[in-house]
Amino acid sequence: GGLHYNAHRHELSINGQAIHPQPKVAQLLILLARHPGKFHSHQVIEEALWGEIQNNSDKLRQVIYQARKLLAQHSPGCGIVTVHGNGIRLEMKS
């Protein structure tokens, strides 16, 4: 269950159902799905999504908001947790 990324098929799924989020949201979810429970700093995420650290963190906040909304709709047991305001991690409840 939860969030899964199939690298061979380049497909994201939540609880076995394929999802097709906006590209930046998909990139964020793939990053988190590859390492559930691992802390990712905002800087590392910005570099992964945009290739550089962003001057304005509103872009990142919007992507995280959209990802949280998508997870809440499809998998209430799976969520993005903010860690001390410095980054995020994916949390999957059993």
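Look a little higher up for the structure.
I will try to describe carefully the structure that is included in this document. (Residues numbered from 1 in each chain as written. Predicted model: local features only at pLDDT ≥ 70, side-chain atom pairs only at ≥ 80, totals over all residues. Heavy atoms only, no water.)

Focus on the pairing of strand 5 (residues 78-83)
Regular strands show a simple pattern: their side chains alternate between the two faces of the sheet.
Consideration 1: As defined by bridge partners, strand 5 adjoins strand 6 (residues 87-92) across six bridges and the pair is classed as antiparallel. Paired with Ile80 across the two strands is Leu90, which belongs to strand 6.
Consideration 2: Connecting the antiparallel pair strand 5 and strand 6 is a turn made up of three residues, with His84 showing a positive phi of about 50°. (Pairing = 2+ DSSP bridges. Helix = DSSP H or I, 4+ residues; strand = E, 2+ residues; numbered from the N terminus.)

With respect to the sheet that holds strand 6
Consideration 1: The sheet built from three strands is open, its strands ordered 4-6-5 with antiparallel pairing. With one partner strand each, in any of the chains shown, strand 4 (40-41) and strand 5 form the two edges of the open sheet.
Consideration 2: In the packing of helix 1 (residues 23-34) onto the sheet, contacts are made with strand 4, strand 5 and strand 6, and the angle to strand 6 comes to roughly 65°. (Contact = heavy atoms within 4.5 Å. Axes fitted to C-alpha atoms, helices over the stretch in contact; angles between N-to-C directions.)

Observations regarding the packing of helix 2 (residues 42-50) against helix 3 (residues 58-74)
Consideration 1: At a closest axis distance of 11 Å, the pairing of helix 2 and helix 3 adopts a crossing angle of 85°. One element, helix 2, and the other, helix 3, form an angle in the roughly perpendicular class. Taking contact as the criterion, the partners of His42, Ile45, Glu46, Leu49 and Trp50 in helix 2 are, on helix 3, Lys59, Leu60 and Val63.
Consideration 2: For the contact of helix 2 with helix 3, the per-class residue count stands at five nonpolar, one polar and two charged. (Parallel < 35°, antiparallel > 145°, perpendicular 65-115°, else oblique. Nonpolar A, V, L, I, M, F, W, Y, C, P; charged D, E, K, R; others polar.)

Digging into the pairing of strand 1 (residues 3-6)
Consideration 1: Side-chain alternation along strand 1 places Leu3 and Tyr5 on a buried face and His4 and Asn6 on a face that remains uncovered.
Consideration 2: Of the strand pairs in this sheet, strand 1 and strand 2 (residues 11-14) are connected by four bridges, and their pairing is antiparallel. Residue pairing for strand 2: Asn6 is matched across the bridge by Glu11.
Consideration 3: Between strand 1 and strand 2, which follow one another and run antiparallel, lie four residues, and His10 among them has a positive phi close to 50°. (Buried < 20%, exposed > 50% of the residue type's maximum accessible area, 1.4 Å probe, protein only.)

Quick word on helix 3
Consideration 1: The terminal C-alpha atoms of helix 3, which comprises 17 residues, lie 24 Å apart, in line with the 24 Å expected from a rise of 1.5 Å per residue.
Consideration 2: Buried within helix 3 are the following residues: Leu60, Val63, Ile64, Ala67, Leu70 and Leu71. Each buried residue of helix 3 sits inside an arc of 125° when the element is viewed along its axis, so together they form one side. For helix 3, the exposed residues set more than 90 degrees away from the buried face come down to Arg61, Ala72 and Gln73. (Expected span 1.5 Å × (residues − 1). Arc of directions from axis to C-beta.)

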